[in-house]
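A structural walkthrough
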There are 2 protein chains.
Amino acid sequence: MVTGKISILLVDDHAIVREGYRALLKKQPDLEVIAEAIDGNQAYQQYKLHTPDVTIMDLSLPGQSGVETIARIKQRNPRAKILVFTMHQNPRFAAQAINAGALGYVTKSSPPEVLLNAIHDVYSGRRTLSPDIAQALALEKTGHETAALESLTSREFEILRLLAEGKSKEEIAQTLSISAKTVSNCYYLVKSKIGVNSDIGLVHWAIKMRLIDIYRLK
Amino acid sequence: MVTGKISILLVDDHAIVREGYRALLKKQPDLEVIAEAIDGNQAYQQYKLHTPDVTIMDLSLPGQSGVETIARIKQRNPRAKILVFTMHQNPRFAAQAINAGALGYVTKSSPPEVLLNAIHDVYSGRRTLSPDIAQALALEKTGHETAALESLTSREFEILRLLAEGKSKEEIAQTLSISAKTVSNCYYLVKSKIGVNSDIGLVHWAIKMRLIDIYRLK
DNA sequence: GCTTTGTCGGGCAAATTGCCCGTTGATCTC
DNA sequence: GAGATCAACGGGCAATTTGCCCGACAAAGC
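Worth saying up front: this structure is predicted, and the values here are computed from it rather than measured.

Quick notes on the rules
Residues numbered from 1 in each chain as written. Chains lettered and ligands numbered in written order. Predicted model: local features only at pLDDT ≥ 70, side-chain atom pairs only at ≥ 80, totals over all residues. Heavy atoms only, no water. Salt bridge = Lys/Arg side-chain N within 4 Å of Asp/Glu carboxyl O. Helix = DSSP H or I, 4+ residues; strand = E, 2+ residues; numbered from the N terminus. Buried < 20%, exposed > 50% of the residue type's maximum accessible area, 1.4 Å probe, protein only. Near = heavy atom within 4 Å. Polar contact = N/O pair within 3.5 Å; in protein donor to acceptor, adjacent residues only side chain to side chain. Nonpolar A, V, L, I, M, F, W, Y, C, P; charged D, E, K, R; others polar. Contact = heavy atoms within 4.5 Å. Pairing = 2+ DSSP bridges. UniProt positions renumbered as here; feature names shortened; annotations may be inferred.

Looking now at the pattern of salt bridges. For side chains bearing opposite charge, pairing can occur when the charged atoms are close. Inspection of the entire model under this criterion finds 19 salt bridges over all chains. In this structure, the salt-bridge partner of K108 of chain A is D12 of chain A, at a minimum N-O distance of 2.9 Å. You can see K108 of chain A sitting in the loop between strand 5 (104–107) and helix 5 (112–123) and its partner D12 of chain A sitting in the loop between strand 1 (6–11) and helix 1 (15–26), a full 96 residues away along the chain. Linking K27 of chain A and E19 of chain B is a salt bridge whose minimum nitrogen-to-oxygen distance equals 3.0 Å. With K27 of chain A in the loop between helix 1 and strand 2 (31–37) and E19 of chain B in helix 1 (residues 15–26), this pair bridges two chains. We classify K27 of chain A as exposed; its relative accessible area is 55%. You can call E19 of chain B buried: its relative accessible area is 8%. Residues joined by salt bridges that share partners form a network here, namely R18, E19, R22 and E36 of chain A together with K27 of chain B.

If you want it as structure tokens, here you go:
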């Protein structure tokens, strides 16, 4: 950048949050917000247009999800530096975002300094997690219910999530291009692995494990 | 107030959002933030201390929920003017908040002017809803979801709740001293009445309708 | 009176589950 | 590089559950 400042693309659908960003970042002489977006598509377009040094992104966006948007941006530019800034304290969300290519993950309940530090970390290519998420991820490893979760293969996990979200086995079979029978078998394995014996138990488990966001259903 | 300004208590657990509020409200000569709180308890204490003209409150707070906090404040001072400002676009949340005593409900995706207008409305004792919520509530009245809920008989309702909580049909049959077959038939009727065709859909529906409290399960 | 409505259950074909199996291909190991 | 392991896939089939029908009975409404 000619200015020597770190250029930032902000992605958040809440006006008040963008207002907060501007107020906060304006005080920082080395940071400059060069563009904003309110959903995943806009974010991608703005990214293409400006190629900012750092993209700060919320995960709950209207339409295309934050995780999908991260993946899209990373596909275009694998060196894109993306910092997730979200209200979700669920370590699974963090894991998903990082897998999709985010370099950092900070929760909105963090103090402003944590965000500012994270921006600099991410700009320098360093991975960064806010303390609450780091702790949650560490604690999650020790819980016994998560033992079950980790025994699931990625395919099982995927199918479990789709089922818990309410997709039918046929829909899943179609979207994944596999037979309904495989979905059914996989479902059976998942239920025995997580120790439930009904669809309803499965949904409860998925909710307790925060695999699905019940407020975003339909 | 001696200042002649509208005094405001801000309740939100996200630092960036409070930052946004300050930046936004600072531009308004007639509004003044006199206190902030990051959870329900603090909100109540600050309310007692300052008795602000208007309390702006998020619903998702750590610990005690926003709705409970509203009720507590209203219990102390029934004339308290509370404006809910939250990300939740679910009209059921709005209905709950209003029942608890909130005077207004604005979503965080609303433009800043909507929030500012709402503050003035609430200060003047007028009920106010952001357009998206007003529309959703209006639609909900006519929507067949609540119609379905009201078409259920008390027995069906009871069985639906037990099922959604994860009880098996045999357990329900035993506790209600009826045959499992009757539970099954009832279940069938309920599903057709509420318009779902799977156990999972039923749980989702029950959650959306707040029939069960998922965080209180086991 | 008579009709409606809620609760209760039987019956039975169709669909689904529970649990087994084998095949493939990738990765790991010795 | 031969052999073991394991994820992903899907077939088979008995046992269960479902979807959707039916009728019985009692209470409430006109």
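Picking up where we left off.
If you check the shell around DNA strand D, you find 14 residues, and the closest are T153, R155, S179, K181 and T182 of chain A. Backbone sugar and phosphate groups make up 66% of those atoms of DNA strand D lying within 4 Å of the protein. Contacts to DNA strand D include T182 of chain A, whose side-chain N or O atom sits 2.7 Å from a phosphate oxygen. Contacts to DNA strand D include K169 of chain B, whose side-chain N or O atom sits 3.4 Å from a phosphate oxygen. Mapped by element, the contributors of at least two residues to the surface near DNA strand D are helix 8 (154–164) and helix 10 (180–194) of chain A together with helix 10 (180–194) of chain B. No other element matches helix 10 of chain B, which puts five residues into the surface near DNA strand D. The residue makeup of the surface near DNA strand D, split by class, is two nonpolar, seven polar and five charged.

Moving on: the interface of chain A and chain B. Listed by partner, the interface residues are 36 residues for chain A and 36 residues for chain B. At the surface where chain A touches chain B, the tally comes to two salt bridges. Applying the counting criterion to the chain A and chain B interface returns five residue pairs in polar contact (both at pLDDT 80 or more). Counting residues per element, the ones that place at least two in the side of chain A that touches chain B are helix 1, helix 5, helix 8 and helix 11 (199–208) of chain A. Residues belonging to the side of chain A that touches chain B are distributed by class as follows: 20 nonpolar, six polar and 10 charged.

The next thing to look at is the protein's contact with DNA strand C. Around DNA strand C lies a shell of 15 residues, among which T153, R155, S179, K181 and T182 of chain B are the nearest. For DNA strand C, a base nitrogen lies 3.0 Å from a polar atom in the side chain of N185 of chain A. Residue K191 of chain A places a side-chain N or O atom 3.4 Å away from a phosphate oxygen belonging to DNA strand C. When residues of the surface near DNA strand C are assigned to their parent elements, the largest contribution, six residues, is made by helix 10 of chain A.

Moving on, we come to the pairing of strand 5 (residues 104–107) of chain B. All names here are of chain B. Covered by surrounding structure in strand 5 are G104 and V106 together with Y105 and T107, the residues of both alternating faces. As defined by bridge partners, strand 4 (residues 82–86) adjoins strand 5 across four bridges and the pair is classed as parallel. For F85, the partnering residue across the bridge sits in strand 5 and is V106. Where strand 5 and strand 6 (residues 128–129) come together, two bridges link them in parallel fashion.

A separate point is the UniProt feature "modified residue: 4-aspartylphosphate" (unreviewed entry) in chain A. Residue and element names in this part refer to chain A. In this structure's numbering, the residues bearing the UniProt feature "modified residue: 4-aspartylphosphate" (unreviewed entry) are D58. Mapped onto the elements of the fold, D58 is located in the loop between strand 3 (54–57) and helix 3 (66–76). When neighbours within four sequence positions are excluded, D58 is seen to be in contact with V11, D12, D13, G66, F85, T86, M87 and K108. Of the polar contacts made by the side chain of D58, one reaches the side chain of T86; its length is 3.2 Å.

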